[in-house]
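Each chain, written out:
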Amino acid sequence: MTYRTCAVSVLLALCAAALPPSARAEYPDHPIRVVLPYAPGAAGDVAMRQIQPLLEKRLGQPVVVDYKTGAGGNIGAQDVVRAKPDGYTLLLGATNNFVINQFLYRKLGFDPLTDLEPVGKMVDIPAFVYISAKVPAEDYAQFAQYARAHKGKLNYGSPGMGTTPHLSAYSLSEAMGAGMMHIAYRGSAPGVQALLADEVQLYIGGYSVAAAYLPQNRVRVLAVASPERFGGLPDVPTAAQAGMPDVVRSNWFGFAAPKGTPADRIARFADALREVLSLPEVRQSYLANGFVPAQDTPVQFAQTLRSEAGKWQEVVRASGVVLESQ
C-alpha cells in the first residue's frame, strides 16, 4: 500500500467516525431485537410470527424475538427503556404496557409515555362480550336487565388483575348497575372454561378465546367492541349497535423504541411494518386469528397512546386496583 493510499484510508476512517451513527451505515445493518414481554404463544407472539419473515425480507436483516416475561410485562418494557437508543432494540407491547400499567402499579419505575418512542401499532384484537349459555339472555338489553335483577349475584372472569378484560368487564358491570363479582384466572383458557361451566356469567376476550364454542351454543356473544363488525363473525353487532355503553375497550399490540432513537430509523421500521400489514395474505391470516392489522404512523400511534392513557387512568382509579411492581 502506497503512502497516498494509506493516507486516504485513514482519512476515510476518520470521516466515518465523525459522522452521526445513522449516516455511517444504512439502517439496519445487523439483526433487530424485538422484546416481547409475554410468554410464547400469546396473542402478540402469534401475530408477530405471521409477519416476522416478511419484515425480515423488507428490512434485509433478521428480526429476533426476545421473550422477557414477568410483572405484567413491566420487566420486558423496562429492558427496552434502558436499551441503547439505536433502533436495534424494540418493544412489542400490549395495551397494558403503554397506557395502563403506569396507573396500575404502585412503583413502575418508568413512564412509557415519556420513556419510549412510539413506532406503530401492529394489530388490534377486538374484544367480544361473551356470556354463559345458561344465562337467559339473547342480546345485551336482556343481559343487562337480567344482571340488574340479580345484582351482586353474578360473576365475571378475566385472565388476570388489571388486564383489559378485567377493567372492561368492571366498567360494564358498573354501567349496568349489576355489582358483579370479579374472578381472576391465570390466563384466558381457564377463564373461558369457567364461562363454559357457568362459574362466571360474563367474559370479555378476543375472537380466538371462545369463538369455537359458539356453533354448539356453549357460549353466547353479545357484541364486539369495534367501530365495525368483525369479518369472522359478521352477525355479531358492534357494541354501539347493541346499545352497550362505550366502556368495553379492546387490546392491541404495538412497537416502541427507547427514548432518543433516531427518527429516521423509527420511520424505516414503521414503513416496513405498514407495508407488511397491508398485504392481503397478512390480512387474511390475521382475520382467522381474530386480529385486525393496523396502518398508523408513529405520530398517529403517539396520539392514540395519549388519548387512551387518560381513559384507562380513570378506569383504574375507579376500580381501586393497585398492584405491586414485583
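Just so we're clear, the structure is a prediction, and the values are computed from it rather than from any experiment.

Visitor: Help me out: how do you make sense of the packing of helix α3 (residues 43-59) against helix α14 (residues 280-288) in this one?
Guide: Two packed helices can be described by the angle between their axes and the distance between those axes. Running from amino to carboxyl end, α3 crosses α14 at an angle of 165°, the nearest separation of the two axes being 10 Å. With respect to α14, the element α3 is oriented roughly antiparallel. Note on packing geometry: the crossing formed by α3 with α14 is right-handed. Facing α3, whose interface residues are A47, Q50, I51 and L54, α14 presents V282, S285 and Y286.

Visitor: Honestly, the sheet that holds strand β9 (residues 219-225) in this entry has me stumped. Any pointers?
Guide: Backbone hydrogen bonds are what pair the strands of a sheet, in a parallel or an antiparallel way. Strand order in the open sheet formed by five strands is β7-β6-β8-β5-β9, with mixed pairing between adjacent strands. Edge positions in the open sheet fall to β7 (181-184) and β9, since each of these has one partner strand only. Averaged over all pairs of adjacent strands, the angle between strand axes in this sheet comes to 25°, irrespective of strand direction. As defined by bridge partners, strand β6 (residues 155-158) adjoins β7 across four bridges and the pair is classed as parallel. When the sheet's bridge partners are listed, Y156 is paired in β7 with H182. Running over the sheet, helix α10 (residues 188-196) touches β5 (127-132), β8 (202-205) and β9 and is turned about 145° from β8.

Visitor: Looking at this model, I keep getting lost on the environment of W252. Mind explaining?
Guide: On the secondary structure map, W252 appears in strand β10 (residues 251-258). Note on W252: relative accessible area 1%, which makes it buried. Contacts of W252, omitting those with residues within four sequence positions, involve G93, A94, T95, F98, V99, K121, V123, D124, I125, F301, L305 and E308. Of the polar contacts made by the side chain of W252, one reaches the side chain of E308; its length is 3.0 Å.

Reading guide: rules and limits
- Residues numbered from 1 in each chain as written.
- Predicted model: local features only at pLDDT ≥ 70, side-chain atom pairs only at ≥ 80, totals over all residues.
- Heavy atoms only, no water.
- Axes fitted to C-alpha atoms, helices over the stretch in contact; angles between N-to-C directions.
- Helix = DSSP H or I, 4+ residues; strand = E, 2+ residues; numbered from the N terminus.
- Parallel < 35°, antiparallel > 145°, perpendicular 65-115°, else oblique.
- Left-handed = near helix turned anticlockwise from the far one by under 90°.
- Contact = heavy atoms within 4.5 Å.
- Pairing = 2+ DSSP bridges.
- Buried < 20%, exposed > 50% of the residue type's maximum accessible area, 1.4 Å probe, protein only.
- Polar contact = N/O pair within 3.5 Å; in protein donor to acceptor, adjacent residues only side chain to side chain.

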